[in-house]
Amino acid sequence: MLHRGRVLLLFHPKIGLWLPPGGHVEHGELPDDAAVREVREETGVQCQLVGERGVNVAYPDQLIRPCGIQVEKIRPGVEHIDLVYFAVAEGADARIAPEHAAQDRAGWYAPDDLLALGANDEIRQWVAKLAATVPEP
């Protein structure tokens, strides 16, 4: 997610990585709605997904096309399919909920700060692609 030239990341202590907010799609939930919900739950920030839709029709509902789809090997026999979405913060104030800022080190980080922060190559590449392709409102 992008806001004023910065990206929203949090530190995932269990796996020791800096990641964007994310999670699982709940039963009966659309992937677009899950992405927005996970950002809100993990940071308190409201967002709007950015991207193309298949065609311009009223029905059937057209979902945002993910910017990427990748497979994560979680442990032997378990893989997750990641839908990577780009988003922008809604409104001028994109404050992170204090509990997330403290507990998860969630914050808005400049792309140039990611290497020193310890973000891996995959995350730095996604951030570069986000910054290059998403115009801020």
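Here the structure is a predicted model, which means the values were calculated and not measured.

J.: How should the nonpolar core be read in this particular structure?
T.: In this structure, Met1, Leu8, Val45 and Trp108 are the most contacted members of the largest nonpolar core, which totals 16 residues. Taken together, the elements giving at least two residues each to this core come down to strand E2 (6–12), helix H1 (31–43), strand E4 (47–50) and strand E7 (86–89). For methionine 1, the residues in contact, after removing those within four places along its chain, are Arg6, Val7, Leu8, Val39, Val45, Cys47, Ala87, Val88, Ala89, Trp108 and Leu130. Formed by 15 residues, the second largest nonpolar core is a distinct cluster that contains Val88, Leu114, Val127 and Val134.

J.: How do you make sense of a nonpolar patch on the surface when you look at a structure like this?
T.: A surface patch of nonpolar side chains, amounting to about 410 Å² of accessible area, comprises Ile69, Val71, Ile81 and Leu83. For the nonpolar patch, the secondary-structure elements that each account for two or more residues are strand E5 (68–75) and strand E6 (78–84). Inspection of the secondary structure assignment puts valine 71 in strand E5. Exposure remark for valine 71: the relative accessible area of 52% places this residue in the exposed category.

J.: Where do I start with helix H4 (residues 121–133) in this structure?
T.: In an α-helix there are 3.6 residues to a turn, and that puts residues three or four apart on one side. For H4, spanning 13 residues, the distance from its first C-alpha to its last is 18 Å, which sits close to the expected 18 Å at 1.5 Å a residue. For H4, every residue scored as buried is listed here: Ile123, Trp126, Val127 and Leu130. For H4, the arc enclosing every buried residue in end-on projection is 100°, short of the 170-degree limit, so these residues lie on one face. Of the residues flanking the start of H4, the one acting as N-cap is asparagine 120, its side-chain oxygen 3.2 Å from the backbone nitrogen of glutamate 122.

J.: When you look at the packing of aromatic side chains in this model, what are you seeing that I'm missing?
T.: The full count for this structure, using the stated rule, is three aromatic pairs. Both rings, one in phenylalanine 86 and one in tryptophan 126, keep their centres 6.1 Å apart while their planes meet at 80°; by these two values the pair is edge-to-face. A residue pair is termed long-range when its members are at least 10 positions apart, and phenylalanine 86 in strand E7 and tryptophan 126 in helix H4 qualify at 40 residues. With respect to burial, phenylalanine 86 and tryptophan 126 carry one shared label: buried. Here the aromatic residues Phe11, Trp18 and Tyr109 are joined through ring pairs into a cluster of three or more. The ring of phenylalanine 11 carries arginine 105 above its face, with NZ or CZ at 4.5 Å from the centroid.

J.: Could you clarify how one ought to interpret the side chain of glutamine 70 in this entry?
T.: Looking at the element boundaries, glutamine 70 is found in strand E5. Polar side-chain contacts of glutamine 70 include one of 3.5 Å to the side chain of glutamate 72. Only 2.8 Å separates the side chain of glutamine 70 from the side chain of glutamate 122, close enough to count as a polar contact. Beyond its immediate chain neighbours, meaning those up to four positions away, glutamine 70 contacts His80, Ile81, Asp82, Val84, Glu122 and Trp126.

Basis of the calculations
Residues numbered from 1 in each chain as written. Predicted model: local features only at pLDDT ≥ 70, side-chain atom pairs only at ≥ 80, totals over all residues. Heavy atoms only, no water. Core = buried A, V, L, I, M, F, W, Y, C linked by side-chain atoms within 4.5 Å. Buried < 20%, exposed > 50% of the residue type's maximum accessible area, 1.4 Å probe, protein only. Helix = DSSP H or I, 4+ residues; strand = E, 2+ residues; numbered from the N terminus. Contact = heavy atoms within 4.5 Å. Patch = residues over 30% accessible without salt bridge, like charges linked within 9 Å, V, L, I, M, F, W, Y side chains within 5 Å. Areas by Shrake-Rupley, 256 points an atom, 1.4 Å probe, with all protein chains shown as cover. Salt bridge = Lys/Arg side-chain N within 4 Å of Asp/Glu carboxyl O. Expected span 1.5 Å × (residues − 1). Arc of directions from axis to C-beta. Polar contact = N/O pair within 3.5 Å; in protein donor to acceptor, adjacent residues only side chain to side chain. Phe/Tyr/Trp six-rings, centres within 6.5 Å; stacked < 30°, edge-to-face > 60°. Lys NZ or Arg CZ within 6 Å of the ring centre and 35° of its normal.

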